[in-house]
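# Summary of the model geometry
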Amino acid sequence: MSCVISERDARLGSKIAYEIYIRSFNDSNNDGVGDLRGITERLDYLATLGVDCLWITPFFPSPQNDNGYDVSDYCAIEPKFGTMEDFQELSREAAARGMDLMLDMVFNHTSTEHEWFKRALAGDSKYLAYYKFVDAEPGATEEDPGTPPTNWESKFGGNAWEYVPSLNKWYLHLFDVTQADLNWDNPEVRAELANVLRFWRSNGVSAFRFDVVNLISKPATWEDDHEGDGRRFYTDGPHIHEYLQEMVREGGIDGLMTVGEMSSTSIDNCIRYSNPDCHELGMAFSFHHLKVDYPDGEKWALMDPDIAELRRLFADWQEQMAEGGGWNALFWSNHDQPRPNSRFGDDSTHASWLLSSKMLAVCTHLMRGTPYIYQGEELGMTNPDFASIDQYRDVESINYYRILQERGHSPKEAFHIVHERSRDDSRTPVQWDDTQYAGFSAVEPWIGVDGSYTWLNAAAESNDPNSVLTFFKRLIALRKAEPIIQGGDIRFVDEPAPCVIAYERTLGDERVLVQCNFSGDEQPALDLSGGEVLVSNYDGAADGAILRPWEGTAYIWR
Ligand code: GLC
C-alpha cells in the first residue's frame with residue numbers, strides 16, 4: 001500500500017480539465033457561432049469553477065464539414081473563430097488565472113481542402129505520398145470504379161475509400177469523405193506534424209489533445225475485414241508506439257500535459273501510451289465504458305445501460321492501468337457523446353435529474369486519473385428537446401438517419417435512435433442565462449438551444465447552494481485538497497447490488513469508500529461505521545445500510 005504518491009500522480013491527479021466545444025461555448029461577435037473571444041469573456045466563470053486546463057476543440061482553418069475536425073491549415077486560425085491576436089489574448093488571460101490551453105491536434109487526417117491534398121489531387125508525387133492513395137484497377141471509370149481496396153467502413157457510414165477519376169486512384173478516409181487519412185509511414189509527414197507541434201509550442205502552448213491518434217498507423221497491406229468494419233487492422237496499428245514516441249520527441253512535448261483519444265483500444269496499449277517511462281503521452285481517453293448501452297456493440301440501436309458491465313469495465317481499467325503505471329482521463333461526456341444524465345441517469349423529473357447529475361460526477365471525479373468536464377456538464381445540461389431531423393447539424397447523425405431507414409426502420413424509429421445517440425445531443429449552446437438564446441449569442445445560433453435554458457443555466461446555478469454547478473465546485477476543490485483522491489490506490493469493491501458501483505481509495509492509513517446508486521430505487525449499502533461523509537449528493541447520512549435513489553456518496557476513514 002502506498003503512503004506517498006508519485007510525482008506524476010500528484011501532477012496529473014491534482015488537475016481538472018474542461019472541454020470547450022468552441023462553436024457552442026460563447027459567441028462574442030454575434031454571428032451565431034462561438035469563438036475565441038467568447039472563451040476569453042467567460043474565463044472568470046471557468047476560474048471560479050476551479051479548472052486548470054482548457055481543451056479547446058479545433059479552431060484552425062477548416063471547411064467545417066466535421067466542425068473543425070477537418071483541418072485545412074494546422075498553423076492558423078479559422079476566421080469564424082477569430083484571429084491569432086484573439087488566441088494570444090486568450091492565452092494571456094487564461095495564464096493570468098492559472099489555466100493552460102490544450103490544443104486539439106487532428107493528425108490522423110486532413111481536410112481535402114488542405115494544400116497538401118490539393119497538390120496530391122493535382123498529381124504531385126510528393127503529396128500523393130502524404131496520403132493513403134491506392135491504384136484503382138486499369139479501366140476503372142467514374143461511373144464504374146470497381147471494388148475499393150478494402151471493404152472497410154467509414155466511421156460516419158459507407159465505404160472508407162473514395163475514387164478519384166483524374167488519378168485513377170482511391171484514397172482512404174476513415175471518417176468523412178472530406179477527411180483524407182494521412183500516410184504516417186512517410187517520414188516527411190511525420191516531420192511536418194512535429195513542426196506543427198513546435199509551432200504551437202513557440203506560441204506558448206503547453207498542453208495537447210490528439211484526435212483518434214491510435215488510428216494513425218495503417219497496415220502494410222490492404223485486406224478485407226470479414227469479421228468487422230476494418231478497425232482491427234488499423235486500431236493500435238503496427239508502428240503506433242514508435243510513431244508516437246517520435247512525434248513526442250521531435251515535437252518537444254515529452255512530459256507536458258497531453259492526452260490521446262484512443263478509439264476501440266486495449267488496456268495494454270493504453271499503459272504504453274501513458275506510462276511516463278514509454279515517453280508517449282500523459283494519459284488516454286478510452287471509450288469502452290461508453291458502449292455499455294450499445295446492443296452487440298451497435299451504436300445505432302438502443303438499450304438500457306448495463307451497469308454491471310459498466311462496473312466491470314471501470315474496475316478493469318482503473319485497477320490495471322494503475323498496476324501498469326498508466327493514467328486515465330476520467331470522463332462521461334464530450335462533444336461526440338450524448339449527455340450522461342440523459343443516458344446513465346434520469347432527466348425525467350427535477351429531483352432525479354438533480355440527483356443523478358451529481359451522482360455521475362461523484363462516480364468519476366473520485367477515481368484515479370484526471371477528470372475532464374465537458375461544457376455544460378457542470379450545469380447538468382441534458383440532451384435537447386429536438387423534435388425534427390432538420391434541427392440536427394452533425395454529418396454522422398444525418399447520415400445515420402438515412403442509413404437507419406435504408407436498414408428498414410420507419411422515419412419515426414430512425415428519429416428516435418438519432419435523438420438518443422446523436423453527437424448533437426451535447427453540442428447545443430451552453431446555457432449561460434435565461435435571456436433569448438440562453439446568453440450564448442444575440443442572434444439565432446448555428447444549432448438550437450434546449451428549452452430548459454429558462455431554469456437550467458449558469459446564472460441561476462451560480463447562486464444556488466444546491467445546484468449541480470455548486471456540487472461540481474465542491475468535487476473539484478476536494479480533489480485539490482486530498483492527496484488520496486489525486487494518487488491513492490484504487491480497488492473496486494464487490495457491489496451489494498448490480499446497479500451499484502463501489503470503489504475504495506487508500507493512501508497510508510486513510511481510506512475513502514465511494515458508492516454510487518445507478519437506479520431510482522433504494523439499494524443496500526456497504527458498512528460505513530466509523531467513517532465520515534466526504535461528499536454526498538444528499539444532505540446528511542442515510543439511515544443504516546441503505547443507498548437512496550441515485551445516491552452518490554463518499555465516506556472517509558482517517
Ligand atoms: C474524434 C473527434 C470527432 C471527430 C473525429 C474525426 O473522434 O472527437 O469529433 O469527428 O475524431 O476527426
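Further up the page is the structure itself.
Predicted model only: the values in this text are computed from it and were never measured.

Rules used throughout
Residues numbered from 1 in each chain as written. Predicted model: local features only at pLDDT ≥ 70, side-chain atom pairs only at ≥ 80, totals over all residues. Heavy atoms only, no water. Pairing = 2+ DSSP bridges. Helix = DSSP H or I, 4+ residues; strand = E, 2+ residues; numbered from the N terminus. Axes fitted to C-alpha atoms, helices over the stretch in contact; angles between N-to-C directions. Contact = heavy atoms within 4.5 Å. Salt bridge = Lys/Arg side-chain N within 4 Å of Asp/Glu carboxyl O. Buried < 20%, exposed > 50% of the residue type's maximum accessible area, 1.4 Å probe, protein only. Disulfide = S-S within 2.5 Å.

### So, the sheet that holds strand E14 (residues 489-492)
Picture the strands of a sheet paired through backbone hydrogen bonds; they go either parallel or antiparallel. Read from one edge to the other, the open sheet built from five strands follows the order E14-E15-E16-E20-E18, with strand pairing classed as antiparallel. This sheet does not close on itself; its edge strands, each paired only once, are E14 and strand E18 (532-536). Taking each pair of neighbouring strands and ignoring which way they run, the sheet shows an average axis angle of 20 degrees. Pairing analysis gives four bridges linking E14 to strand E15 (residues 500-507), with the strands arranged antiparallel. The residue bridging Ile-490 from the neighbouring strand is Arg-505, located in E15. Set on the sheet, helix H11 (residues 307-323) makes contact with E14 and E15; between it and E14 the angle comes to about 150 degrees.

### What about the pattern of salt bridges?
Per the stated rule, a full pass over the model turns up 38 salt bridges. The shortest N-O distance in the salt bridge between Arg-343 and Asp-293 comes to 2.8 Å. Of this pair, Arg-343 sits in helix H12 (residues 340-343) while Asp-293 sits in the loop between strand E11 (283-285) and H11, and the two are 50 residues apart along the sequence. For Arg-343, a relative accessible area of 10% translates into the label buried. With relative accessibility at 2%, the residue Asp-293 sits in the buried group. Across the salt bridge formed by Asp-394 and Arg-423, the nearest N and O atoms sit 2.9 Å from each other. Of this pair, Asp-394 sits in the loop between strand E13 (370-374) and helix H14 (395-406) while Arg-423 sits in the loop between helix H15 (411-421) and helix H16 (458-462), placing them 29 residues apart in sequence. Under the relative-accessibility criterion, Arg-423 is labelled buried at 7%. Residues joined in a network through salt bridges with shared partners are Asp-66, Lys-299, Asp-336, Asp-394, Glu-396, Arg-423 and Arg-427.

### What about the pairing of E15?
Within E15, eight of the eight residues are buried, which leaves the element mostly enclosed by the surrounding structure. Summarising the sheet, E15 and strand E16 (residues 510-517) pair through eight bridges and their orientation is antiparallel. Among the inter-strand pairings, Thr-506 is bridged to a residue of E16, identified as Arg-511. Linking E15 to E16, which pair antiparallel, is a turn of two residues; within it Gly-508 sits at a positive phi near 55 degrees.

### Quick word on unusual backbone geometry
Positive phi, close to 60 degrees, is recorded for Tyr-437, a residue that is not glycine. Within the secondary structure, Tyr-437 sits in the loop between H15 and H16. Residue classification places Tyr-437 among the partly exposed positions, given a relative accessible area of 22%.

### Overview of the state of the cysteines
Evaluation of the coordinates by the stated rule reveals zero disulfides. The structure places no disulfide on Cys-53, whose sulfur is separated from the nearest cysteine sulfur, that of Cys-270, by 19 Å. Of all cysteine sulfurs in the structure, the one in Cys-53 sits closest to Cys-75, which takes part in no disulfide; the separation is 20 Å.

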